[in-house]
Amino acid sequence: MINAYGEIKIKQVAIGLGADFLTGNKDNTGATANNSFSTLYATNHKFYGYMDYFLNIPTDTKQRGLMDLYARIGFSPSKTISATLDLHNFSLANENNLSINKVKKQLGTEADILIDYKPTNIIHVQLGYSLLFALKNLEYIKGGNADAFNTWAFLMLKVSPTLLY
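Here we summarise the structure given alongside this text.

Rules used in this analysis
- Residues numbered from 1 in each chain as written.
- Predicted model: local features only at pLDDT ≥ 70, side-chain atom pairs only at ≥ 80, totals over all residues.
- Heavy atoms only, no water.
- Helix = DSSP H or I, 4+ residues; strand = E, 2+ residues; numbered from the N terminus.
- Buried < 20%, exposed > 50% of the residue type's maximum accessible area, 1.4 Å probe, protein only.
- Contact = heavy atoms within 4.5 Å.
- Areas by Shrake-Rupley, 256 points an atom, 1.4 Å probe, with all protein chains shown as cover.
- Lys, Arg positive; Asp, Glu negative; His and termini not counted.
- Charge placed at Lys NZ, Arg CZ, Asp CG, Glu CD.
- Phe/Tyr/Trp six-rings, centres within 6.5 Å; stacked < 30°, edge-to-face > 60°.
- Salt bridge = Lys/Arg side-chain N within 4 Å of Asp/Glu carboxyl O.

**Looking at the overall build of the chain**
(1) Moving on: Secondary structure assignment for the chain yields 3 helices and 7 strands.
(2) Moving on: Viewed in the frame of its principal axes, the chain has a C-alpha envelope of about 55 × 40 × 30 Å.
(3) Moving on: Across the 165 residues in the chain, those meeting the buried criterion constitute 33%.
(4) Moving on: Within the chain, counting contacts between residues at least 6 apart in sequence, those at least 24 apart form 54% of the total.
(5) Moving on: Put simply, the chain shows about 10,200 Å² of open surface, and 62% of that area lies on carbon and sulfur atoms.
(6) Moving on: Within the chain, the 13 negative side-chain charges are centred at a point lying 4 Å from the centre of the 15 positive side-chain charges.

In structure tokens:
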């Protein structure tokens, strides 16, 4: 696995670019070998978009690995409010030319919007909305219908008190 992220902040705006690469099997990978990287702990929501299409990398990519290239723009007009927009471009690390439907690398694009309101030091209210623009390749890998409208929204109350000093 390789993860890289860089960000520049100009006053209230942050702009970043990142990439995640998780290895996978190739067409000629032997039956007793496995080159598909799996994260040890479930941190995938943090890294691969809020829609969680890729929670178990070996299973969710049919052992082909994942490449996530993304851009982020954030805006913090005050200490209590911030907003971010993430754009993810998902692709397989390796094509699958052995299946009935030849699966090319490109899987689709996801857009994530997150608004965070912090009325106190221990309380966060988060509102999120995500859209996935899937390609047929993602349908071949994960099932479902690539032409369907794929969207998800959430409202979260996060309370993080300090109990012991």
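**Thoughts on the environment of Ile2**
(1) Moving on: Note on placement: Ile2 falls in strand S1 (residues 2-10).
(2) Moving on: It is 17 Å that separates the C-alpha atoms of Ile2 and Thr61, two residues lying 59 residues apart in sequence.
(3) Moving on: In this structure Ile2 touches Ala19, Asp20 and Phe21, once residues within four positions along its chain are discounted.

**Some words on the packing of aromatic side chains**
(1) Moving on: Counted according to the given criterion, the structure contains 5 aromatic pairs.
(2) Moving on: Ring centres of Tyr5 and Tyr70 lie 5.9 Å apart, and the angle between their planes is 10°; this geometry places the pair in the stacked category. One end of the pair, Tyr5, is in strand S1; the other, Tyr70, is in strand S3 (residues 66-75), and 65 residues separate them in sequence.
(3) Moving on: Owing to a relative accessible area of 32%, Tyr5 belongs among the partly exposed residues under this scheme.
(4) Moving on: Looking at Tyr70, the relative accessible area reads 9%, which means it is buried.
(5) Moving on: Summarising the aromatic geometry, the rings of Phe47 and Tyr48 are spaced 6.1 Å apart at their centres and angled 45° between planes, so their arrangement reads as tilted.

**A few points about the pattern of salt bridges**
(1) Moving on: A complete count under the given rule lists 5 salt bridges for this structure.
(2) Moving on: In this structure, Lys142 and Asp60 form a salt bridge, with 3.2 Å as the shortest nitrogen-oxygen distance. Residue Lys142 is located in helix H3 (residues 136-142), and its partner Asp60 is located in helix H2 (residues 57-60); the two are separated by 82 residues in the primary sequence.
(3) Moving on: The partner of Glu139 in a salt bridge is Lys136, and the shortest N-O contact between them spans 3.3 Å. Here Lys136 and Glu139 lie together in helix H3, a separation of 3 residues that amounts to about one turn.

Take it as geometry only, folks, not as evidence of what the structure does.
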